[in-house]
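# A look at the structure
Given next are the chains, with one letter for each unit.
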Amino acid sequence: QRQMCIRDSHPSAPDLLDWLFEKTKGNPLYIEELLKLLVMSGKVRKGGTHWVLDKSALDMQWDSLEETIMSRLQNLDGSARTVVTEAAVIGPAFDVELLKEVAKMNRGETLDVIDKAIKWKVVENVSPLDDEEIRFASRRLQEITYDSADEEFRRDIHKEIATVEEKRHAEDID
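Everything quoted here is computed from the prediction, not taken from an experiment. (Residues numbered from 1 in each chain as written. Predicted model: local features only at pLDDT ≥ 70, side-chain atom pairs only at ≥ 80, totals over all residues. Heavy atoms only, no water.)

## Some thoughts on the overall build of the protein
Note the threshold: Numbered from the N terminus, helices here are DSSP runs of H or I no shorter than four residues, and strands are runs of E no shorter than two. Working definition: with a 1.4 Å probe on protein chains only, accessible area under 20% of the residue-type maximum means buried, over 50% means exposed, and in between means partly exposed. In what follows, residue pairs with any heavy atoms lying within 4.5 Å of each other are defined as contacts. To measure how exposed things are, a 1.4 Å probe is used in the Shrake-Rupley method; for residues, cover is taken only from the protein chains shown.
On a plain count of helices and strands, the protein comes out with eight helices and six strands. Ordering the α and β elements of the protein from the N terminus gives β-α-α-β-β-α-α-β-α-α-β-β-α-α. Of all 174 residues assigned to the protein, the portion counted as buried reaches 39%. Taking the intrachain contacts of the protein between residues at least 6 apart in sequence as the baseline, contacts between residues at least 24 apart amount to 59%. Element-wise, carbon and sulfur atoms account for 51% of the exposed surface of the protein, whose accessible area totals about 9,700 Å².

Given below as structure tokens:
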């Protein structure tokens, strides 16, 4: 059988739960990130009244929270990954305007990248009525994304953030 059901009353549920615990050691964030990746990659799908896991997922080599998050980020295209990494350098929460300036993109391009990142549950709107402030889905996701960038890239982005902020607040400086 190539599938397992995620439901306590289903006979294969204990196998799946054992696998999840073995992989994650019970870490709630790791469980959440792994399940997000499985659902979004089609390895877990809704099957009537329960969720079904494709057994090929059991062979996947996500041996850490970091690897799981990096696998999710790999689903973004190269330019979107770069912009998300720039956002991680800005911080756990950022405004669209600052990201637009740092990434040197127009507003539409910036919003397109943010939409892709929202689709992959990397970031989320702070307020659904206002797409001006965005935050990473978790602080740890932001940290892992930040740490994945090399030091020179981070330094360049920090300089760009300082330049943009200085221009944005030039009239406030005495």
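Read on for the rest.
## Some details on the nonpolar core
Stated precisely, the cut-off is as follows: What makes a nonpolar core is a set of buried Ala, Val, Leu, Ile, Met, Phe, Trp, Tyr and Cys residues whose side-chain atoms join them at distances within 4.5 Å.
Ranked by internal contacts, the top residues of the largest apolar core, which has 41 residues, are Leu38, Val84, Phe94, Val122, Val123 and Phe136. With seven residues, the single largest contributor to this core is helix 4 (residues 78–90).

## Remarks on the side chain of Gln142
The residue Gln142 is located in helix 7 (residues 139–148) in this model. Setting aside residues no more than four positions away along its own chain, Gln142 makes contact with Ala88, Gly91, Pro92 and Phe136.

## Some remarks on helix 5 (residues 96–103)
Note the threshold: Under the rule applied, a polar contact is a pair of N or O atoms within 3.5 Å (in protein, one hydrogen donor and one hydrogen acceptor; residues adjacent in sequence only if both atoms are side-chain atoms).
With six of eight residues buried, helix 5 is to be regarded as a mostly interior element. Those residues of helix 5 not exposed but buried are Val96, Leu98, Leu99, Lys100, Val102 and Ala103. Two or three places before Glu97, at the opening of helix 5, Asp95 has a side-chain oxygen 3.2 Å from that residue's backbone nitrogen. A positive phi of about 55° marks Lys104, the residue just after helix 5.

## Here we look at helix 8 (residues 151–168)
The α-helix winds at 3.6 residues per turn, so residues separated by three or four positions along the chain end up facing the same way. Our working rule: The span you would expect from a helix comes to 1.5 Å times its residue count less one. The arc refers to the directions leading from the helix axis to the C-beta atoms.
With 18 residues, helix 8 ought to run about 26 Å at 1.5 Å a step, and its terminal C-alpha atoms sit 26 Å apart, in line with that. Along helix 8, the positions that sit buried rather than exposed are Arg154, Ile157, Ile161 and Val164. End-on view of helix 8: buried residues confined to an arc of 90°, all on one side of the axis. Exposed side of helix 8, more than 90 degrees from the buried face: Glu151, Glu152, Lys159, Glu166 and Lys167 are the residues found there. Looking at the packing, one finds that the buried side of helix 8 touches helix 4, helix 5 and helix 7. The N-cap of helix 8, judged by a side-chain oxygen 3.2 Å from the amide nitrogen of Glu152 a few residues on, is Asp150.

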